[in-house]
Amino acid sequence: MSWVQSLPDREPPSWLSLPPTAERVIAVAQGNELLGKLRKMRTLTDDDDDVASTSGPSKGQPSQQPAWMRNLHERCREWLSQLPSTLATLPKQQSNDNPDPLYRLFFREGGIGRKLLDQVQKDLGDVVKVCEGGLKQTNHLRTLMSPPTKGTIPSHWRRYKVPKEMSVSEWIPDLARQLSQLDGITAMQKNLSDVEVWLGGLFFPEAYITATRQAVAHRKRWSLETLHLRLDIGRVNDPGAFIVDGLTLEGAAWDMDTGKLVLNDGEAVRLNPSQIRWIQEEGAEAADSLKADLVTLPVYLNNNRSDVMFTIDLPFDASAGALVAMRAVCLTARS
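Reading the values: rules and limits
- Residues numbered from 1 in each chain as written.
- Predicted model: local features only at pLDDT ≥ 70, side-chain atom pairs only at ≥ 80, totals over all residues.
- Heavy atoms only, no water.
- Helix = DSSP H or I, 4+ residues; strand = E, 2+ residues; numbered from the N terminus.
- Buried < 20%, exposed > 50% of the residue type's maximum accessible area, 1.4 Å probe, protein only.
- Areas by Shrake-Rupley, 256 points an atom, 1.4 Å probe, with all protein chains shown as cover.
- Expected span 1.5 Å × (residues − 1).
- Contact = heavy atoms within 4.5 Å.
- Pairing = 2+ DSSP bridges.
- pLDDT = per-residue confidence, 0-100.
- Axes fitted to C-alpha atoms, helices over the stretch in contact; angles between N-to-C directions.
- Parallel < 35°, antiparallel > 145°, perpendicular 65-115°, else oblique.
- Left-handed = near helix turned anticlockwise from the far one by under 90°.
- Nonpolar A, V, L, I, M, F, W, Y, C, P; charged D, E, K, R; others polar.
- 1 Å grid on protein atoms, 1.4 Å probe; cavity = no way out; pocket = protein on both sides within 12 Å on 5 of 7 lines; lining within 4 Å.
- Points joined across faces, edges and corners; volume = space filled by probe spheres on them.

You'll find the chain entered in an unreviewed UniProt entry as Dynein heavy chain domain-containing protein, with Hygrophoropsis aurantiaca given as the organism.

Of the regular secondary structure elements, the chain holds 9 helices and 9 strands. Here the chain holds 335 residues, and the buried ones make up 40% of them. Accessible area for the chain stands at about 18,500 Å²; split by element, carbon and sulfur atoms hold 51% of it.

The subject of this paragraph is helix 3 (residues 67–82). A turn of α-helix holds 3.6 residues, and therefore any two residues three or four places apart point the same way. With 16 residues, helix 3 extends 23 Å from end C-alpha to end C-alpha; this agrees with the ideal 22 Å at 1.5 Å per step. Among all positions of helix 3, only Ala67, Trp68, Met69, Asn71, Leu72, His73, Arg75, Cys76 and Trp79 are buried. Residues of helix 3 that are buried in the fold lie against helix 4 (101–132), helix 5 (139–150) and helix 6 (168–187).

Attention now moves to the pairing of strand 2 (residues 227–232). For strand 2, the buried fraction is high: 5 of the 6 residues fall into the buried class. The pairing of strand 2 with strand 6 (residues 274–280) spans 6 bridges and is classified as antiparallel. Within strand 6, the residue paired with Leu231 across the bridge is Ile276.

With 87% of its residues at a pLDDT of at least 70, the chain reaches an overall mean of 83. pLDDT under 50 marks residues 45–63. Its contacts with residues more than four places away, or in other chains, come to 29 contacts.

Turning next to unusual backbone geometry. Positive phi, close to 60°, is recorded for Arg305, a residue that is not glycine. On the basis of relative accessible area, Arg305 is assigned to the partly exposed category, the value being 29%. A positive phi angle, near 55°, is found at Ala328, a position not held by glycine. Within the secondary structure, Ala328 sits in the loop between helix 9 (323–326) and strand 9 (330–332). Judged by its relative accessible area of 33%, Ala328 falls in the partly exposed class.

A few words now on helix 7 (residues 205–220). Between its first and last C-alpha atoms helix 7 spans 23 Å; for 16 residues at 1.5 Å apiece the expected length is 22 Å, and the two agree. For helix 7, the set of buried residues is Pro205, Tyr208, Ile209, Ala211, Thr212, Ala215, Val216 and Ala217. Contacts from the buried residues of helix 7 go to helix 4, strand 1 (197–198), strand 2, strand 3 (242–245), strand 6 and strand 8 (308–315). Remark: Arg221 follows helix 7 within two positions and exhibits a positive phi of approximately 60°.

This paragraph deals with the packing of helix 4 against helix 6. Packing of helix 4 against helix 6 leaves a shortest axis separation of 10 Å and a crossing angle of 140°. Between helix 4 and helix 6, the angle is such that the two are oblique. As for the relative orientation of helix 4 and helix 6, their crossing is left-handed in sense. Across the interface between the two elements, Phe106, Glu109, Gly110, Gly113, Leu116, Leu117 and Val120 from helix 4 touch Trp171, Ile172, Leu175, Leu179, Leu182 and Ile185 from helix 6. Within the contact of helix 4 with helix 6, the residues separate by chemical class into 10 nonpolar, 2 polar and 1 charged.

Two elements in contact, helix 3 and helix 5, have axes separated by 10 Å at closest approach and are oriented at 90°. On the basis of their axis angle, the class for helix 3 and helix 5 is roughly perpendicular. Taking contact as the criterion, the partners of Trp68, Met69, Leu72 and Trp79 in helix 3 are, on helix 5, Met145, Pro148 and Thr149. Here the residues of the contact of helix 3 with helix 5 are counted per class, giving 6 nonpolar, 1 polar and no charged.

Size it by volume and the largest pocket reaches roughly 1,200 Å³. Around the largest pocket, the lining is made up of 37 residues, and of these Val25, Ala29, Asn32, Glu250 and Asn303 lie nearest the centre. When contributions to the lining of the largest pocket are tallied by element, the ones reaching two or more residues are helix 2 (22–41), helix 6, strand 4 (248–255) and strand 5 (260–270). If you tally residues by element for the lining of the largest pocket, the top one is helix 2, at 12 residues. The residue inventory of the lining of the largest pocket, partitioned by class, reads 17 nonpolar, 8 polar and 12 charged.

Here Asp123 is to be found in helix 4. Those residues in contact with Asp123 that sit more than four places away from it in its chain are His140, Leu144, His156 and Trp157.

On the basis of which strands lie adjacent, the open sheet formed by 4 strands has the order 1-3-6-2 and mixed pairing. Where the open sheet ends on each side, the last strands, each with one partner, are strand 1 and strand 2. Bridge count between strand 1 and strand 3: 2 bridges; the pairing is parallel. Opposite Val197, over in strand 3, you have Val244 as the bridge partner.

Given below as C-alpha coordinates:
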(Lines give C-alpha, C1' and ligand atoms only; values in the text may rest on other atoms or scores of the structure.)
Protein backbone atom coordinates (compact mmCIF):
# COMPACT_ATOMS: atom_id res chain seq x y z
CA MET A 1 0.00 0.00 0.00
CA SER A 2 2.87 2.36 0.70
CA TRP A 3 4.20 1.70 -2.81
CA VAL A 4 0.76 2.43 -4.30
CA GLN A 5 0.38 5.61 -2.30
CA SER A 6 3.81 6.81 -3.42
CA LEU A 7 2.86 6.62 -7.10
CA PRO A 8 2.74 10.02 -8.84
CA ASP A 9 -0.64 11.61 -9.53
CA ARG A 10 0.15 11.84 -13.25
CA GLU A 11 1.25 8.54 -14.79
CA PRO A 12 3.29 8.71 -18.01
CA PRO A 13 1.89 6.94 -21.13
CA SER A 14 4.98 4.72 -21.17
CA TRP A 15 3.42 2.71 -18.32
CA LEU A 16 0.94 1.45 -20.94
CA SER A 17 3.76 0.81 -23.46
CA LEU A 18 2.61 3.86 -25.42
CA PRO A 19 5.00 6.47 -26.84
CA PRO A 20 5.69 9.52 -24.67
CA THR A 21 3.85 11.72 -27.18
CA ALA A 22 0.62 9.67 -27.11
CA GLU A 23 -1.38 12.47 -25.52
CA ARG A 24 -0.03 14.96 -28.06
CA VAL A 25 -1.05 12.67 -30.93
CA ILE A 26 -4.59 12.52 -29.51
CA ALA A 27 -4.62 16.31 -29.12
CA VAL A 28 -3.50 16.76 -32.75
CA ALA A 29 -6.30 14.47 -33.96
CA GLN A 30 -8.86 16.39 -31.92
CA GLY A 31 -7.47 19.69 -33.22
CA ASN A 32 -7.75 18.53 -36.84
CA GLU A 33 -11.35 17.49 -36.22
CA LEU A 34 -12.10 20.91 -34.74
CA LEU A 35 -10.46 22.69 -37.69
CA GLY A 36 -12.60 20.64 -40.06
CA LYS A 37 -15.73 21.81 -38.29
CA LEU A 38 -14.52 25.42 -38.36
CA ARG A 39 -13.93 25.21 -42.12
CA LYS A 40 -17.53 24.08 -42.59
CA MET A 41 -18.75 27.00 -40.49
CA ARG A 42 -16.82 29.66 -42.45
CA THR A 43 -19.64 30.09 -44.93
CA LEU A 44 -22.38 30.36 -42.31
CA THR A 45 -22.87 34.09 -41.78
CA ASP A 46 -26.18 35.30 -40.48
CA ASP A 47 -25.41 39.01 -40.22
CA ASP A 48 -27.18 40.02 -43.45
CA ASP A 49 -29.73 37.22 -43.79
CA ASP A 50 -32.60 39.62 -43.27
CA VAL A 51 -31.56 41.96 -46.11
CA ALA A 52 -33.40 40.05 -48.82
CA SER A 53 -35.19 36.80 -49.44
CA THR A 54 -33.29 33.78 -50.72
CA SER A 55 -35.32 33.45 -53.91
CA GLY A 56 -32.44 34.87 -55.96
CA PRO A 57 -31.28 38.42 -56.62
CA SER A 58 -32.01 40.34 -59.76
CA LYS A 59 -29.32 41.59 -62.08
CA GLY A 60 -27.66 44.83 -61.16
CA GLN A 61 -28.63 44.52 -57.49
CA PRO A 62 -25.82 42.48 -55.90
CA SER A 63 -26.18 44.44 -52.65
CA GLN A 64 -29.59 42.80 -52.03
CA GLN A 65 -28.03 39.35 -51.89
CA PRO A 66 -27.87 37.71 -48.46
CA ALA A 67 -24.37 37.28 -47.09
CA TRP A 68 -24.39 33.50 -47.51
CA MET A 69 -25.22 33.80 -51.22
CA ARG A 70 -22.48 36.35 -51.89
CA ASN A 71 -20.04 34.13 -50.06
CA LEU A 72 -21.20 31.07 -52.00
CA HIS A 73 -20.87 32.96 -55.29
CA GLU A 74 -17.27 33.91 -54.55
CA ARG A 75 -16.36 30.41 -53.44
CA CYS A 76 -17.90 28.72 -56.49
CA ARG A 77 -15.93 31.00 -58.80
CA GLU A 78 -12.78 30.23 -56.84
CA TRP A 79 -13.43 26.48 -57.00
CA LEU A 80 -14.02 26.63 -60.75
CA SER A 81 -10.66 28.35 -61.19
CA GLN A 82 -8.92 25.56 -59.26
CA LEU A 83 -10.31 22.77 -61.43
CA PRO A 84 -8.79 21.97 -64.85
CA SER A 85 -10.86 23.02 -67.84
CA THR A 86 -10.47 19.63 -69.56
CA LEU A 87 -9.08 16.20 -68.78
CA ALA A 88 -7.21 14.06 -71.30
CA THR A 89 -7.99 10.34 -71.14
CA LEU A 90 -6.54 7.24 -72.75
CA PRO A 91 -8.12 6.20 -76.06
CA LYS A 92 -10.24 3.09 -75.98
CA GLN A 93 -8.44 -0.06 -77.09
CA GLN A 94 -9.56 -1.43 -80.42
CA SER A 95 -8.94 -5.07 -79.54
CA ASN A 96 -9.54 -7.06 -76.37
CA ASP A 97 -6.81 -9.58 -77.16
CA ASN A 98 -4.47 -9.63 -74.15
CA PRO A 99 -5.19 -6.06 -73.04
CA ASP A 100 -2.74 -4.44 -70.64
CA PRO A 101 -4.25 -4.50 -67.08
CA LEU A 102 -2.64 -1.14 -66.27
CA TYR A 103 -4.03 0.41 -69.46
CA ARG A 104 -7.49 -0.89 -68.53
CA LEU A 105 -7.15 0.54 -65.05
CA PHE A 106 -6.04 4.04 -66.08
CA PHE A 107 -8.64 4.11 -68.89
CA ARG A 108 -11.33 3.43 -66.28
CA GLU A 109 -9.83 5.98 -63.85
CA GLY A 110 -9.79 8.60 -66.60
CA GLY A 111 -13.42 7.94 -67.48
CA ILE A 112 -14.48 8.35 -63.85
CA GLY A 113 -12.43 11.53 -63.54
CA ARG A 114 -13.89 13.11 -66.69
CA LYS A 115 -17.49 12.37 -65.67
CA LEU A 116 -16.91 13.74 -62.19
CA LEU A 117 -15.17 16.85 -63.53
CA ASP A 118 -18.03 17.54 -65.96
CA GLN A 119 -20.60 17.11 -63.19
CA VAL A 120 -18.79 19.37 -60.71
CA GLN A 121 -18.15 22.09 -63.33
CA LYS A 122 -21.79 22.05 -64.45
CA ASP A 123 -23.12 22.21 -60.90
CA LEU A 124 -20.78 25.03 -59.87
CA GLY A 125 -21.57 26.95 -63.07
CA ASP A 126 -25.32 26.67 -62.40
CA VAL A 127 -24.88 27.90 -58.83
CA VAL A 128 -22.89 30.89 -60.09
CA LYS A 129 -25.69 31.73 -62.54
CA VAL A 130 -28.29 31.49 -59.77
CA CYS A 131 -26.28 33.81 -57.56
CA GLU A 132 -25.90 36.28 -60.45
CA GLY A 133 -29.63 36.15 -61.24
CA GLY A 134 -29.16 34.51 -64.64
CA LEU A 135 -30.83 31.22 -63.72
CA LYS A 136 -33.92 30.44 -61.68
CA GLN A 137 -33.66 28.13 -58.74
CA THR A 138 -35.01 24.61 -59.06
CA ASN A 139 -35.41 21.89 -56.48
CA HIS A 140 -32.17 20.32 -57.69
CA LEU A 141 -30.29 23.61 -57.41
CA ARG A 142 -31.67 24.31 -53.95
CA THR A 143 -30.56 20.85 -52.87
CA LEU A 144 -27.17 21.45 -54.51
CA MET A 145 -26.60 24.83 -52.87
CA SER A 146 -27.24 23.62 -49.35
CA PRO A 147 -24.19 21.34 -48.79
CA PRO A 148 -21.54 23.84 -50.04
CA THR A 149 -23.18 26.54 -47.92
CA LYS A 150 -22.65 24.32 -44.90
CA GLY A 151 -19.16 23.35 -46.07
CA THR A 152 -20.06 19.72 -46.80
CA ILE A 153 -19.60 17.77 -50.04
CA PRO A 154 -22.77 17.11 -52.10
CA SER A 155 -23.63 13.43 -51.99
CA HIS A 156 -23.62 12.94 -55.78
CA TRP A 157 -20.01 14.24 -55.92
CA ARG A 158 -18.80 11.49 -53.64
CA ARG A 159 -17.67 9.05 -56.33
CA TYR A 160 -14.71 7.85 -54.24
CA LYS A 161 -13.90 7.45 -50.55
CA VAL A 162 -12.81 10.53 -48.61
CA PRO A 163 -12.70 11.25 -44.86
CA LYS A 164 -16.13 12.07 -43.47
CA GLU A 165 -14.88 15.30 -41.91
CA MET A 166 -13.41 16.62 -45.18
CA SER A 167 -14.98 19.92 -46.20
CA VAL A 168 -15.81 20.89 -49.77
CA SER A 169 -13.11 23.60 -49.70
CA GLU A 170 -10.55 20.83 -49.08
CA TRP A 171 -12.15 18.38 -51.50
CA ILE A 172 -11.98 20.65 -54.58
CA PRO A 173 -8.16 21.15 -54.60
CA ASP A 174 -7.74 17.48 -53.68
CA LEU A 175 -9.82 16.49 -56.71
CA ALA A 176 -7.81 18.88 -58.89
CA ARG A 177 -4.59 17.16 -57.79
CA GLN A 178 -6.03 13.73 -58.61
CA LEU A 179 -7.11 14.88 -62.06
CA SER A 180 -3.67 16.40 -62.65
CA GLN A 181 -2.09 13.02 -61.95
CA LEU A 182 -4.43 11.27 -64.40
CA ASP A 183 -3.65 13.90 -67.04
CA GLY A 184 0.08 13.25 -66.61
CA ILE A 185 -0.40 9.49 -66.80
CA THR A 186 -2.31 9.87 -70.07
CA ALA A 187 0.73 11.60 -71.58
CA MET A 188 2.82 8.47 -70.78
CA GLN A 189 0.40 5.92 -72.22
CA LYS A 190 3.19 3.86 -73.81
CA ASN A 191 5.12 3.41 -70.54
CA LEU A 192 2.42 2.85 -67.94
CA SER A 193 4.59 0.40 -65.98
CA ASP A 194 7.18 3.13 -65.36
CA VAL A 195 4.73 5.77 -64.10
CA GLU A 196 5.26 7.04 -60.56
CA VAL A 197 1.80 6.78 -59.02
CA TRP A 198 0.39 8.68 -56.06
CA LEU A 199 -1.41 5.62 -54.73
CA GLY A 200 -3.90 7.47 -52.55
CA GLY A 201 -4.71 9.80 -55.45
CA LEU A 202 -6.44 7.11 -57.49
CA PHE A 203 -10.19 6.70 -57.34
CA PHE A 204 -9.72 2.96 -56.69
CA PRO A 205 -6.19 2.35 -55.40
CA GLU A 206 -6.92 -1.29 -54.59
CA ALA A 207 -7.54 -1.88 -58.29
CA TYR A 208 -4.03 -0.57 -59.07
CA ILE A 209 -2.48 -3.21 -56.80
CA THR A 210 -4.57 -5.89 -58.54
CA ALA A 211 -3.57 -4.57 -61.98
CA THR A 212 0.15 -4.70 -61.13
CA ARG A 213 -0.25 -8.30 -60.02
CA GLN A 214 -1.99 -9.21 -63.25
CA ALA A 215 0.63 -7.36 -65.29
CA VAL A 216 3.51 -9.27 -63.66
CA ALA A 217 1.71 -12.60 -64.03
CA HIS A 218 1.08 -11.91 -67.72
CA ARG A 219 4.60 -10.62 -68.37
CA LYS A 220 6.42 -13.52 -66.68
CA ARG A 221 3.86 -16.27 -67.33
CA TRP A 222 3.38 -16.89 -63.61
CA SER A 223 0.25 -18.05 -61.83
CA LEU A 224 -1.55 -15.37 -59.83
CA GLU A 225 -1.81 -17.68 -56.81
CA THR A 226 1.98 -17.95 -56.50
CA LEU A 227 2.64 -14.19 -56.35
CA HIS A 228 3.41 -12.33 -53.12
CA LEU A 229 3.60 -8.57 -52.68
CA ARG A 230 6.77 -6.84 -51.47
CA LEU A 231 7.33 -3.17 -50.62
CA ASP A 232 10.85 -1.71 -50.81
CA ILE A 233 10.72 1.57 -48.90
CA GLY A 234 12.86 4.32 -50.40
CA ARG A 235 14.02 2.17 -53.33
CA VAL A 236 13.16 2.67 -57.00
CA ASN A 237 16.02 0.80 -58.65
CA ASP A 238 14.26 -2.35 -59.86
CA PRO A 239 13.23 -2.04 -63.53
CA GLY A 240 10.47 -4.62 -63.05
CA ALA A 241 8.89 -2.90 -60.04
CA PHE A 242 6.17 -0.26 -59.82
CA ILE A 243 6.88 3.12 -58.21
CA VAL A 244 4.41 4.49 -55.66
CA ASP A 245 4.51 7.75 -53.75
CA GLY A 246 2.55 9.41 -50.96
CA LEU A 247 2.91 6.63 -48.37
CA THR A 248 3.04 7.69 -44.71
CA LEU A 249 4.29 5.53 -41.86
CA GLU A 250 2.50 6.04 -38.54
CA GLY A 251 3.93 4.91 -35.21
CA ALA A 252 7.36 3.98 -36.55
CA ALA A 253 10.18 5.18 -38.77
CA TRP A 254 12.27 3.50 -41.46
CA ASP A 255 15.99 3.04 -40.82
CA MET A 256 17.72 3.18 -44.20
CA ASP A 257 20.97 1.78 -42.75
CA THR A 258 19.48 -1.43 -41.36
CA GLY A 259 16.51 -1.64 -43.72
CA LYS A 260 14.11 -2.15 -40.82
CA LEU A 261 11.27 -0.40 -39.08
CA VAL A 262 12.06 1.16 -35.71
CA LEU A 263 9.64 2.58 -33.15
CA ASN A 264 9.47 6.34 -32.77
CA ASP A 265 7.52 8.74 -30.57
CA GLY A 266 4.30 8.15 -32.48
CA GLU A 267 4.54 10.83 -35.14
CA ALA A 268 3.74 10.18 -38.80
CA VAL A 269 6.70 9.94 -41.20
CA ARG A 270 6.27 10.76 -44.90
CA LEU A 271 8.16 8.15 -46.94
CA ASN A 272 10.17 8.75 -50.09
CA PRO A 273 9.00 7.20 -53.37
CA SER A 274 9.13 3.42 -52.99
CA GLN A 275 8.62 0.40 -55.18
CA ILE A 276 6.22 -2.50 -55.02
CA ARG A 277 7.04 -5.77 -56.71
CA TRP A 278 5.57 -9.24 -56.99
CA ILE A 279 7.68 -12.34 -56.37
CA GLN A 280 6.83 -16.00 -56.69
CA GLU A 281 6.14 -18.21 -53.69
CA GLU A 282 9.57 -19.87 -53.86
CA GLY A 283 11.27 -16.47 -53.91
CA ALA A 284 9.07 -15.27 -51.07
CA GLU A 285 10.07 -18.21 -48.88
CA ALA A 286 13.75 -17.55 -49.59
CA ALA A 287 13.36 -13.87 -48.77
CA ASP A 288 11.51 -14.66 -45.55
CA SER A 289 14.26 -17.04 -44.46
CA LEU A 290 16.78 -14.22 -44.81
CA LYS A 291 14.54 -11.82 -42.88
CA ALA A 292 12.86 -13.85 -40.19
CA ASP A 293 11.78 -10.80 -38.21
CA LEU A 294 8.82 -9.70 -40.31
CA VAL A 295 5.68 -7.94 -39.19
CA THR A 296 2.44 -7.68 -41.17
CA LEU A 297 1.23 -4.09 -41.36
CA PRO A 298 -2.08 -2.87 -42.81
CA VAL A 299 -2.04 -0.21 -45.51
CA TYR A 300 -5.00 2.13 -44.98
CA LEU A 301 -6.46 4.54 -47.50
CA ASN A 302 -6.15 7.49 -45.08
CA ASN A 303 -5.42 8.19 -41.43
CA ASN A 304 -9.04 7.49 -40.46
CA ARG A 305 -8.05 3.82 -40.69
CA SER A 306 -11.52 2.83 -41.84
CA ASP A 307 -10.55 1.31 -45.21
CA VAL A 308 -7.80 -1.33 -45.44
CA MET A 309 -6.47 -1.62 -48.98
CA PHE A 310 -3.99 -4.48 -48.44
CA THR A 311 -1.37 -5.75 -45.99
CA ILE A 312 2.39 -5.84 -46.39
CA ASP A 313 5.21 -7.71 -44.61
CA LEU A 314 8.12 -5.52 -43.51
CA PRO A 315 11.28 -6.31 -41.50
CA PHE A 316 11.15 -5.02 -37.96
CA ASP A 317 13.50 -4.84 -34.99
CA ALA A 318 12.81 -8.05 -33.04
CA SER A 319 13.31 -6.27 -29.71
CA ALA A 320 10.10 -4.32 -30.28
CA GLY A 321 8.00 -7.43 -29.74
CA ALA A 322 4.31 -6.81 -29.15
CA LEU A 323 4.80 -3.04 -29.12
CA VAL A 324 4.22 -3.01 -32.88
CA ALA A 325 0.58 -4.01 -32.37
CA MET A 326 0.12 -1.99 -29.16
CA ARG A 327 1.21 1.22 -30.90
CA ALA A 328 -0.92 0.43 -33.96
CA VAL A 329 1.89 0.85 -36.48
CA CYS A 330 0.50 1.13 -40.01
CA LEU A 331 0.92 2.71 -43.44
CA THR A 332 -1.47 5.19 -45.02
CA ALA A 333 -1.70 6.09 -48.69
CA ARG A 334 -3.36 9.47 -48.35
CA SER A 335 -2.46 12.19 -45.88
